[in-house]
Amino acid sequence: MAGLDIIEKLPEIILKGKEKAEKMLKSSYEDLFPYSEVIAGENCFENSLTNELYKGDNLFVMVKLLREGYEDKIDLIYVDPPFLTKSKYNGKINILSQKKEYTFELFAYDDTWDKGIYSYLEMLYPRLYLMKKLLSTRGTIYVHLDYRTVHYVKVLMDEIFGEENFLNEIIWAYKSGGVSKRYYSRKHDNILVYTKTKNYIFNPQKEKSYNRDLKPYRFKGVEEYRDEIGWYTLVNLKDVWQIDMVGRTSSERVNYATQKPEKLLERIILTSSEENSIVADFFAGSGTTGIVAEKLNRSWIMSDKGNLSSITIHKRLINNQRSPFLSFKENGRARDGGKLLIKDGIVENGLLKIQLDKYEIDLENVNIKGKYKEQIEELILDNSIALVEFIGIDLNYDGKRPVISTKLVRNFDKFYGSNITIEGNFKEGQKIFVKYIDIFGKENYDIYHINKGRMNLCPEFL
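Below, the structure is looked at part by part. (Residues numbered from 1 in each chain as written. Predicted model: local features only at pLDDT ≥ 70, side-chain atom pairs only at ≥ 80, totals over all residues. Heavy atoms only, no water.)

We now examine the pattern of salt bridges. Throughout the structure, instances matching the rule amount to 28 salt bridges. R138 is paired through a salt bridge with E274; the nearest N and O atoms lie 3.4 Å apart. In this pair, R138 sits in strand β6 (residues 135-145) while E274 sits in the loop between α5 (262-272) and β13 (278-281), placing the two residues 136 residues apart along the sequence. Among the residues examined, E274 registers a relative accessible area of 26% and is labelled partly exposed. (Salt bridge = Lys/Arg side-chain N within 4 Å of Asp/Glu carboxyl O. Helix = DSSP H or I, 4+ residues; strand = E, 2+ residues; numbered from the N terminus. Buried < 20%, exposed > 50% of the residue type's maximum accessible area, 1.4 Å probe, protein only.)

Here is the structure:
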């Protein structure tokens, strides 16, 4: 659609988007996220949980949150939606099995749109509209975009939040591969910043400002510093941020195509939230927002509908976890995976010894093709259990919401083996909930019980 055409269509996009959002809020309520788990942290008190991770359409997530009392409750929203790149994105998985190392590329998300910019803005408007309702009166929203759509989205943001509440356009500049001989190299993203009111949280952060010629000024009352480059002062952050991308050798790297650096989110979270704030990200991707929010003692809410996003976030959170979080699944997604078979489970001297057998999966239900499918088939014959990314266990399942306290994660290039030993006070009839997620982000669970010193599947799961 040509630029002039989309300008003429903007009033229609705005009207339809507003009507769609309001209709969803007024419709009879059906909770599309009936299944949830507690993923325990160092201290797990379910009644104090505020961290929430959703797997599903963020439009339904926001409606659920608004219906459950989150209107005007979130101090900071950061979103990194698709950029209208007209591309499909993958993530990379490395698996070290018993015989060899495997590398697969798995589908992450699709950034193609049937009607181009029209479809894109039609998707985005109702979501931004609901985000404003969630934002507190002291709240700020950061919308991360690039040159393709930022000018159109700013028009939508002006309409939703008001031109008077536009705070900044931040330019995130970075180094990356690739240059052009036909145009200036594109090495920055655009982040639109809007507040809900004029009474917003803003904690100025400092950055280095190097002196001319890198020499000391010696101005009275001005504190100066020196590093390996030269002399500098500390000033409040400007609206151009030079922050490196997550490079191939970075310790942060989780092989998710559009992963954002922790330093970027750290600046945003420190500036526009406080330690008792809730921070939200409704296009969570690799989960950087929640990871940084937790490190900075903020509560967080994240959502994404992608399978690869879901398993990436779960693993990052668990590897960095201090606080518990609730994990919600959209209807039909709590048991969409393969089957993890257990060869044996024996209780001896206060220990539960579990021996895994194999992982069965129908590859026809997985979005993988070509050479990678052939490698998966080879891995299944080699050691199918290596396809399991995460195993979580509730040792005292009460039939209600599982509380996952035992967590096993396949670190990015290591296989955790097929034998699990858990210490505990095991009793006859005790129920054990076993949850597992495979490398494709597909999930499933089974319920076992202790019967004559052995761990057997409950009848409904036979």
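Pairing between the strands of a sheet is mediated by backbone hydrogen bonds and can be parallel or antiparallel. Taken in spatial order, the three strands of this open sheet run β9-β11-β10, and their pairing is antiparallel. Strands at the two margins of the open sheet, each flanked by one partner only, are β9 (206-210) and β10 (225-226). Bridging between β10 and strand β11 (residues 231-236) involves two bridges; their strand directions are antiparallel. Directly across from R226, in β11, lies its bridge partner W231. (Pairing = 2+ DSSP bridges.)

Attention shifts here to the environment of K64. With respect to the helices and strands, the residue K64 is situated in helix α2 (residues 58-67). Among the residues examined, K64 registers a relative accessible area of 4% and is labelled buried. Along the sequence, K64 and K20 sit 44 residues apart, while their C-alpha atoms lie 15 Å from each other. Every residue in contact with K64, bar those within four places of it in the chain, is listed here: Y29, D31, F33, Y54 and F328. Reaching out from K64, the side chain makes a polar contact with the side chain of E68 at a distance of 2.9 Å. (Contact = heavy atoms within 4.5 Å. Polar contact = N/O pair within 3.5 Å; in protein donor to acceptor, adjacent residues only side chain to side chain.)

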